[in-house]
Amino acid sequence: MRIAICDDDEKCLNNLKVHIESYMKSHGINAEFYAFTTPPHEILESNTAFDLAFLDIQMPEIDGITLAKELKKRNNKVILFFITAFDEYRDEAMDLQIFRFFDKPLDINRLYSGLDRAMEFIDKSYIDIYLESNNKQIRVPVDDIKYIKRENRKNTVFTVDGIFNANGSFDELIRKLPNTFFYLVHKSFYVNIHYITEYGYKEIYIDDTRIAVATRKQADFHKYWFNYVKRR
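Only a predicted model underlies this, so the values are computations on that prediction, with no experimental measurement involved.

Things to note about the sheet that holds strand 13 (residues 198-199)
So, point 1. Strand order in the open sheet made by the 3 strands is 13-14-15, with antiparallel pairing throughout. The open sheet has two edge strands, strand 13 and strand 15 (209-212), and neither has a second partner.
So, point 2. The sheet contact formed by strand 13 and strand 14 (residues 203-206) spans 2 bridges and is antiparallel. Bridging across to strand 14, Y199 finds its partner in I204.

The following block contains the structure:
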């Protein structure tokens, strides 16, 4: 998950980053952080598509509204949070389908609550990828993927509608998928936890398929699973 934080107040930016990092770590979600102070030219000059963005609305040179519009072009499903002490921008911001507003100074409980809702939203969102079938490219909603298996150099994707092959490396493929409900339980299995039919500390089942949980991943996956169950 890629997260952008942009605020011309460095103290506020660092405080926000600390709390978001803490949330992601406690929920077992891998996140890359991109923190920018004003002017945020780096964020505009890069081609990075973000999953979450926390933007201060009122900044010199480039305001948060302009920045949000650019981020939406890169990823229409980016979840936008605005941080502001001003109400005058809210009407314009609503046109961008802002997920949540946070006032300054930041209310940490509201932040965590907002992140909970954002994770639930991502869990239910559909992201499409293209998989190979009979030399054709088939569009598949990510939420329909049950699990991906790596065997030698072959990647097999098991979905609700059938089994597909995927080009490219295993690592490249799993980077396309949201890690809020996918988990690498073993170096050869990336599973969608929505489809787990039986959970055990050392193994899981998806339908009739037994998948071993790697020993070094068992403790972290156990925590991740129960955080997921709690969100449901």
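Next, the rest of the story.
Some words on helix 3 (residues 64-74)
So, point 1. Residues of helix 3 that are buried include every one of G64, I65, L67, A68, L71 and K72, and no others. End-on, the buried residues of helix 3 take up no more than an arc of 160°, which puts them together on one face.

What about the side chain of N192?
So, point 1. Here N192 shows up in strand 12 (residues 189-192).
So, point 2. The class for N192 is buried, based on a relative accessible area of 0%.

Procedures and definitions
- Residues numbered from 1 in each chain as written.
- Predicted model: local features only at pLDDT ≥ 70, side-chain atom pairs only at ≥ 80, totals over all residues.
- Heavy atoms only, no water.
- Pairing = 2+ DSSP bridges.
- Helix = DSSP H or I, 4+ residues; strand = E, 2+ residues; numbered from the N terminus.
- Buried < 20%, exposed > 50% of the residue type's maximum accessible area, 1.4 Å probe, protein only.
- Arc of directions from axis to C-beta.

By themselves these figures say nothing about function.
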